[in-house]
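Fold and geometry: a report
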Amino acid sequence: KYFEYQMAVSRALEPVDWFAKDVWLRSIADVLVVDGDTAYCLDYKTGKVKDNPTQLQLFAAMVMWHFPEVNTVKTSFIWLKFDEVTNSKYERRFLSSLWRALEPRFDKVQEVIDMGVFKATPSGLCPWCPAKHICPDARLKGRR
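Here goes a summary of the coordinates provided. Here the structure is a predicted model, which means the values were calculated and not measured. (Residues numbered from 1 in each chain as written. Predicted model: local features only at pLDDT ≥ 70, side-chain atom pairs only at ≥ 80, totals over all residues. Heavy atoms only, no water.)

Quick look at the sheet that holds strand E5 (residues 84–91)
The condition is simple: A pair of strands counts as paired when DSSP detects no fewer than two bridges linking them. By the criteria applied, helices consist of DSSP H or I runs no shorter than four residues and strands consist of E runs no shorter than two, each listed in order from the N terminus. Axis lines are fitted to C-alpha atoms, over the contacting stretch for helices. Their N-to-C directions set the angle, which ranges from 0 to 180 degrees. Whether two residues are in contact is decided by their heavy atoms: any pair within 4.5 Å suffices.
The mixed open sheet is built from 5 strands, whose spatial order is E1-E2-E3-E4-E5. Bordering the open sheet on either side are strand E1 (2–10) and E5, each of which pairs with just one other strand. Strand-to-strand twist across the sheet, computed as the mean angle between neighbouring axes with direction ignored, equals 35 degrees. Packed on one face of the sheet, helix H2 (residues 95–115) meets strand E2 (23–35) and E5 and runs near 140 degrees to E2.

So this is what it looks like as structure tokens:
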């Protein structure tokens, strides 16, 4: 059993240390249980229930890269406010297909980082953004 388990991979999708020079992608599982060839990866959510499996898909891939003995990853969002759970199951035999579906999203993020141009996405998370004081689009109380 692992709590707040940090996983990182290089661009070659090889597990690396969290602060490695060649780290490319990181994720933190709130709870990870590895039981033989099956892993359970849980992520607690405090906001409203959303149907967006990308994070769970990434967790499944990261677990399989970090734990070669794992063939099945069962993932769950646990929606604390609503007493609901969203479950998904991923199998190693589909890992390359899973990654091919995810990779374009991460390539797009990398392209934005390389260009240094970040489009503002105002949301309820603005108060926690490190750029809130310089962002003209930040949604902050008392500021229009």
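Picking up after the structure, the text goes on.
Quick notes on the packing of aromatic side chains
Any pair of aromatic rings gets described here by the distance separating the centres and the angle formed by the planes. To be explicit about the condition: Only centres within 6.5 Å qualify two rings of Phe, Tyr or Trp (six-membered ring in Trp) as a pair; their planes then separate them into stacked at under 30 degrees, edge-to-face at over 60, and tilted for everything else. Three labels apply to residues, based on accessible area from a 1.4 Å probe with only protein chains included: buried if under 20% of the type maximum, exposed if over 50%, partly exposed otherwise in between. Any Lys NZ or Arg CZ that is within 6 Å of a ring centre and within 35 degrees of that ring's normal is treated as a charge sitting over the ring.
Using the criterion set out here, one finds 8 aromatic pairs in the structure. With a centroid separation of 5.8 Å and 50 degrees between ring planes, the pair formed by Tyr2 and Phe67 is classed as tilted. You can see Tyr2 sitting in strand E1 and its partner Phe67 sitting in the loop between helix H1 (54–66) and strand E4 (72–79), a full 65 residues away along the chain. For the pair Trp99 and Phe106, a centre-to-centre distance of 5.7 Å together with 10 degrees between the ring planes defines the contact as stacked. Phe106 sits in the buried class, given a relative accessible area of 16%. Counting every residue linked through ring pairs, the aromatic cluster contains Trp24, Trp65, Trp99 and Phe106. Arg26 extends its terminal NZ or CZ atom over the ring of Trp18, reaching a point 5.4 Å from the ring centre.

With respect to the environment of Arg105
Here Arg105 lies in helix H2. Owing to a relative accessible area of 46%, Arg105 belongs among the partly exposed residues under this scheme. Along the backbone, Arg105 and Thr54 are 51 residues apart, and their C-alpha atoms lie at a distance of 9.5 Å. Excluding anything up to four places from it in sequence, Arg105 contacts Asn52 and Thr54.

What to know about the nonpolar core
As a rule of thumb, soluble globular proteins bury nonpolar side chains together. The line we're drawing: To qualify as a nonpolar core, a set must consist of buried Ala, Val, Leu, Ile, Met, Phe, Trp, Tyr and Cys residues joined through side-chain atoms within 4.5 Å.
With 29 residues, the main nonpolar core has Val63, Trp65, Val73 and Trp99 as its most contacted residues. Contributing elements (two or more residues each) for this core: E1, E2, strand E3 (38–45), H1, E4 and H2. Element by element, the count of residues in this core is highest for H1, at 9 residues. If we skip the residues at most four places from it in the chain, Trp99 touches Leu13, Trp24, Leu25, Leu58, Trp65 and Phe106.

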